[in-house]
Amino acid sequence: MGGRKLALVALFCLVLAMLPSHTVTVAVMSVDLGSEWMKIAIVKPGVPMEIVLNKESRRKTPTVVCLKENERLLGDSALGVSVKNPKTVYRYLESLLGKKHDNPQVALYRKRFPEHQLQEDAVRGTVYFKNSEEMQYAPEELLGMVLNYSRGLAQDFAEQPIKDAVITVPAFFNQAERRAVLQAAQMAGVKVLQLINDNTAVALNYGVFRRKDIDNTAKNVMFYDMGSGSTTATIVTYQTVKTKEFGTQPQLQIRGVGFDRGLGGFEMDLRLRDHLAKLFNEQKKSKKDVRENHRAMAKLLKEAQRLKTVLSANMEFMAQVEGLMDDIDFKAKVTRSEFEELCADLFERVPGPVQDALATAEMKLDEIEQVILVGGSTRVPKVQEVLLKAVGKEELGKNINADEAAAMGAVYQAAALSKAFKVKPFLVRDAAVFPIQVEFTRETEEEGVKTLKHNKRILFQRMAPYPQRKVITFNRYNDDFAFYINYGDLSFLSQDDLSVFGSLNLTTVKLSGVGDSFQKHADAESKGIKAHFNMDESGVLLLDRVESVFETIVEEKEEESTLTKLGNTISTLFGGGSSEPAPNVTEPVQEEEEVPPESGKDGKDEDGKDEEGKDEAKKDEAAKEKQDDSEKSAGEEKSQEKAEEAGSKTEAKEEKEGEKSGTDAEKEVEKKAQPQKKSKISEDIAVELIINDILDPTADDVTSSKKKLQDLTNRDLAKQEREKALNSLEAFIFETQDKLYQEDYQLVVSEEEKEQISTKLREASEWMDEEGYSATTKQLQEKLSQLKSLCKDMFFRVEERRKWPDRLAALESMLNTSSFFLRSAKLIPEDDQIFTEVELNMLEKVINETTTWKNETVAEQEKRSPKERPILLSKDIESKLALLDREVNYLLNKAKFAKPKAKAKAKNSTSSEKNSKANNTAEEKVIPPTEESTDAKKESPEEVQPGEAPPTEESTVKTDSDSQSQPSEETTTTGPTEKGQPENHIGDEL
């Protein structure tokens, strides 16, 4: 029995150990990071999915940062400064991420925001903002500030810490741009669960709320997303699929993507702004050109954005700006037709992404069931008109929240990735927009002439699903070499898109140790150099590892007996085997599980074969059959690798035992030929990566940026603390001056004390006017502390007098209840008494002492002046209440769990048979409810019952009804609530 208890205790401790230690930090967030606005959503226990409201109670927040010499503003506060001082405000940062200084996108940014100084980073080749020698910030650092601000808003809304987030990025972001967002999050201290494409997040949000409509019939939907900075059209296929882990579940697959990086609402705003500037210059109210005034142009941009919104619902509107320049007001009428004429070439580009998406997906418009609008700029009537004509549908779908769909889809994904929440599975198969290939050169010899041949092998095709792992095998190298990871065929991009895209070369991979591995395993047959690639959930390509693989042939030992196998298994389980893998893991050859990536003809001809001319047709066939296996998730791939390692240990053991059994060479003739088995040996190869597109910041750079951001955050917190201290001091002075003339305070304060307090408050107010607004936080807090100390006695007297009525009433009520309970307990007959004399005496003593203390203290307090310190204190009353409550509750609990005495059973019954009959008779009789008979009647059935046969359900209910229907003083006092429940139950049954 003791051993069983010990096992239960151990199991309980194990369960406790497995519980998360920080259960408060389970909330997760998503950030829909747009070029102009960001939307934040959270999931926390009790809150399924909700959009975060910012400090202004708005559901979207500007992605804007304002940096002054001694102040930093973010969000709406920063946007408000953009009109007064545009030089200190940084926005539309997304277009600068992952771009070199000579990128056309950088030149366009300079043109749009001439007030900013963009300098070249000499090391990375990117750009940074230079406001002064001390104030220099990279776009990633500014974006990190925005992400940190978004986390702060989410934490305030969730009322708990948050670290994990899913962040949306445009589908057309390349590798450098995605890495830049991850770097910004790292600087902000945000743990990124995933970068999700914004179109995929929208598609997920749409599918999650229409789960019941998805079946095994494929349904194609197009999402047309026109935001502030860009436009994307996405074709998504919804369908249920069968999975090993979750069974039949809905799935979305990205089939086609088309985009236009420069088509968005911001370009329309800029054209309207320039039009308004032209109208102002034509009015000739000023000799200066308004275009040269940055502040005036910022005002016009703000008015243009308002104008665009109003013209979506009205045919004309009067634009007006007060004090545009040199205190001159501006007023001009703008019609919708003028706006459409200004943006005519932009509207012509609206169908482009649709056609690109259809071409990528190899679909026709007839196959698209619905076109759904997403993004704020799709509200422009002309955009809808042109798009409706282009897609040839009766109407465009508007049954999704155009602003918040991406944030809500991303937060659903965040909850699915977090271990703290359990959500219904919804499979997401995203697609890589840009193909990636591996290139390498190899020396070939034909008719005695040596030539270098350039080879290409496709690693990820265009629209290849991810996350996915791929392996490329180099068969003809036996010494150190290098290969290159580059983008594949980008002919589908226009020349402008290619110029913005940046470097087509991603990484140079230099391998060292290849020759050493061949020398080390000279006796084994080489199976090539295998490079393992992984495109993770964020669409970022990683080179996991490179290994040199060899194959050896070993003789398989004779079959072990069952007892030997059982012994080996037990010894392994109880520590007989090593828990760490050997340096050179021997693995069984399983060519089908290691699927080579899809390769072009060059790859198959040049590097897909061994030098001995080994026939690879079977391998290619196996690769085609296993096409689906090559698109596995990272989790499935890892589980396979573990299975291979587990198998390798068993086979290594078999190999050793096989060698021992085959030592006797003389008996070989008599033995049958033993079966041969192939085993695989892998040797890790050292890898050096040289990044060719945009260099990642060094570890020191990241640390420096983190410190820079943290210093700004600390400065903001210090400023908030000072403002809080200043406001608290001001409020205390004004409130206390007012309280001195209130009736409650005049009653308890003497004239001398009142004069002293008034003088100090007046002096503090004068100090505030002269020095307070330049004082430090510490000085303000000390001044407030002095005033509070001076007024402490006055506040204490008032507070005590306000608490007396409620506290004394509660004490009086408790004394009455306790006294009634004591009298009832004393009336219980001696044979049935469940309380001891000591317990009852203790309760009586506490009641008497409390009553005496109350009467004496109240009488003494009435004799004292209200201006003196009171002797009747609320804390003393509360302690007396607690003591009484404890004593009464102790006795109540004892009565609740008390068992009937056994002595009564021995006296009242001579045999079990008579006892049973007597009990049944007693239950059927109805006795008048006198006090004495009630007590006897109540005890009788309870005492006799244990000697009976087990009662049926009906008899049990009847017994309860009889005993409960005749209440005594004791039962009434101890548990009125418990009595009421069975009565209602029995009444229902009758």
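Our structure is the block above this text.
In what follows, the accompanying structure is described.

**Examining the overall build of the protein**
Within the protein, the secondary structure is distributed over 31 helices and 30 strands. When the 990 residues of the protein are sorted by exposure, 45% land in the buried category. Residue pairs in contact within the protein that sit at least 24 positions apart in sequence constitute 73% of those at least 6 positions apart. Carbon and sulfur atoms provide 49% of the accessible area of the protein, an area that totals close to 54,000 Å².

**Some words on the packing of helix 23 (residues 777–826) against helix 25 (residues 874–896)**
Between helix 23 and helix 25, the least distance of the axes is 9 Å, while the angle of their chain directions is 20 degrees. By the criterion of interaxial angle, the relationship of helix 23 to helix 25 is roughly parallel. Considering only the axes of helix 23 and helix 25, their crossing is left-handed. Contacts between helix 23 and helix 25 involve Glu800, Lys803, Arg807, Leu808, Ala810, Leu811, Met814, Leu815, Ser818 and Phe821 from the former and Ser874, Ile877, Glu878, Lys880, Leu881, Leu884, Asp885, Val888, Leu891 and Leu892 from the latter. Considered class by class, the residues forming the contact of helix 23 with helix 25 number 12 nonpolar, two polar and six charged.

**Here's the deal with the packing of aromatic side chains**
Under the defined criterion, the tally for this structure stands at 29 aromatic pairs. Measuring from centroid to centroid gives 6.0 Å for tyrosine 92 and phenylalanine 113, while their planes differ by 25 degrees, and the two rings are stacked. Of the two residues, tyrosine 92 sits in the loop between strand 7 (89–91) and helix 3 (104–112) while phenylalanine 113 sits in the loop between helix 3 and strand 8 (118–120), which places them 21 residues apart along the sequence. Exposure class is identical for tyrosine 92 and phenylalanine 113. Each is buried. Centre to centre, the rings of phenylalanine 113 and phenylalanine 266 are 6.0 Å apart; their planes meet at 10 degrees, and the pair counts as stacked.

**Focus: the packing of helix 4 (residues 139–158) against helix 5 (residues 175–188)**
At a minimum axis distance of 8 Å, the contact between helix 4 and helix 5 shows a crossing angle of 60 degrees. Of the possible angle classes, the one that applies to helix 4 and helix 5 is oblique. Read as a crossing pair, helix 4 and helix 5 show a hand that is right-handed. In contact with Glu140, Glu141, Leu143, Gly144, Leu147, Asn148 and Arg151 of helix 4, helix 5 contributes Ala180, Gln183, Ala184, Ala185, Met187 and Ala188.

**Quick notes on the sheet that holds strand 9 (residues 127–130)**
Where strands meet in a sheet, backbone hydrogen bonds hold them as pairs that are either parallel or antiparallel. If you walk across this open sheet you meet the three strands as 8-9-10, and the pairing is antiparallel. Of all the strands in the sheet, the pair left with one neighbour each is strand 8 and strand 10 (136–137).

**Some thoughts on the nonpolar core**
Of all hydrophobic cores here, the largest spans 125 residues; its most connected members are Phe223, Tyr238, Phe474, Phe483 and Phe533. When neighbours within four sequence positions are excluded, phenylalanine 223 is seen to be in contact with Val202, Ala203, Tyr206, Thr232, Ala233, Thr234, Val236, Tyr238, Ile372 and Val374. Tyr224, Phe339, Leu346 and Ile368 belong to the second largest nonpolar core, which has 46 residues in total.

**Here we look at the environment of serine 230**
The topology assignment puts serine 230 in the loop between strand 13 (219–226) and strand 14 (231–243). The exposure class assigned to serine 230 is buried, which follows from its relative accessible area of 17%. Between the alpha carbons of serine 230 and phenylalanine 259 there is a distance of 7.5 Å; along the sequence they are 29 residues apart. Among residues more than four places away in sequence, those in contact with serine 230 are Phe172, Asp225, Asp260, Arg261, Leu263 and Gly264.

**Quick word on the sheet that holds strand 5 (residues 64–67)**
Ordered in space as 6-5-7, the three strands form an open sheet in which the pairing is antiparallel. Where the open sheet ends on each side, the last strands, each with one partner, are strand 6 (72–74) and strand 7. Recorded for the sheet is a direction-independent mean angle of 20 degrees between the axes of neighbouring strands. Each of strand 5 and strand 6 is contacted by helix 20 (residues 699–739), which is oriented at about 90 degrees to strand 6, the strand it contacts most.

**Let's talk about the pattern of salt bridges**
Within the structure shown, the criterion is met by 39 salt bridges. In this structure, the salt-bridge partner of glutamate 385 is lysine 382, at a minimum N-O distance of 3.5 Å. Note that glutamate 385 and lysine 382 are positioned in helix 12 (residues 381–391) at a spacing of three residues, about one turn of the helix. Its salt-bridge partner being glutamate 878, residue arginine 807 comes within 2.7 Å of it at the nearest N-O pair. Of this pair, arginine 807 sits in helix 23 while glutamate 878 sits in helix 25; the two residues are 71 residues apart in sequence, bridging distant segments of the chain. Residue classification places arginine 807 among the partly exposed positions, given a relative accessible area of 23%. Linked by salt bridges that have partners in common, Arg112, Glu267, Arg271 and Asp345 make up one network.

**Notes on unusual backbone geometry**
A cis amide bond, omega 10 degrees, links tyrosine 466 with the succeeding residue proline 467. Position of proline 467 among the secondary structure elements: in the loop between strand 22 (464–466) and strand 23 (468–474). In this model, aspartate 326 sits at a positive phi of 55 degrees, which is unusual for a non-glycine residue. Mapped onto the elements of the fold, aspartate 326 is located in the loop between strand 16 (316–325) and strand 17 (328–335).

**Considering the pairing of strand 3 (residues 47–51)**
Relative to strand 3, strand 2 (residues 37–44) runs antiparallel, the two being bridged by three bridges. Paired with alanine 41 across the two strands is isoleucine 51, which belongs to strand 3. Following strand 2, the chain reverses through two residues before pairing antiparallel with strand 3; glycine 46 in that reversal takes a positive phi of roughly 90 degrees.

**Here's the deal with helix 22 (residues 751–770)**
Taking 1.5 Å per residue as the helical rise, helix 22 with its 20 residues ought to reach 28 Å, and the 29 Å between its terminal C-alpha atoms agrees with that figure. Along helix 22, the residues classified as buried are Glu753, Lys754, Ile757, Ser758, Leu761, Ala764, Trp767 and Met768. On its buried face, helix 22 is in contact with helix 20, helix 21 (743–748) and helix 23.

Basis of the calculations
- Residues numbered from 1 in each chain as written.
- Predicted model: local features only at pLDDT ≥ 70, side-chain atom pairs only at ≥ 80, totals over all residues.
- Heavy atoms only, no water.
- Helix = DSSP H or I, 4+ residues; strand = E, 2+ residues; numbered from the N terminus.
- Buried < 20%, exposed > 50% of the residue type's maximum accessible area, 1.4 Å probe, protein only.
- Contact = heavy atoms within 4.5 Å.
- Areas by Shrake-Rupley, 256 points an atom, 1.4 Å probe, with all protein chains shown as cover.
- Axes fitted to C-alpha atoms, helices over the stretch in contact; angles between N-to-C directions.
- Parallel < 35°, antiparallel > 145°, perpendicular 65-115°, else oblique.
- Left-handed = near helix turned anticlockwise from the far one by under 90°.
- Nonpolar A, V, L, I, M, F, W, Y, C, P; charged D, E, K, R; others polar.
- Phe/Tyr/Trp six-rings, centres within 6.5 Å; stacked < 30°, edge-to-face > 60°.
- Pairing = 2+ DSSP bridges.
- Core = buried A, V, L, I, M, F, W, Y, C linked by side-chain atoms within 4.5 Å.
- Salt bridge = Lys/Arg side-chain N within 4 Å of Asp/Glu carboxyl O.
- Expected span 1.5 Å × (residues − 1).

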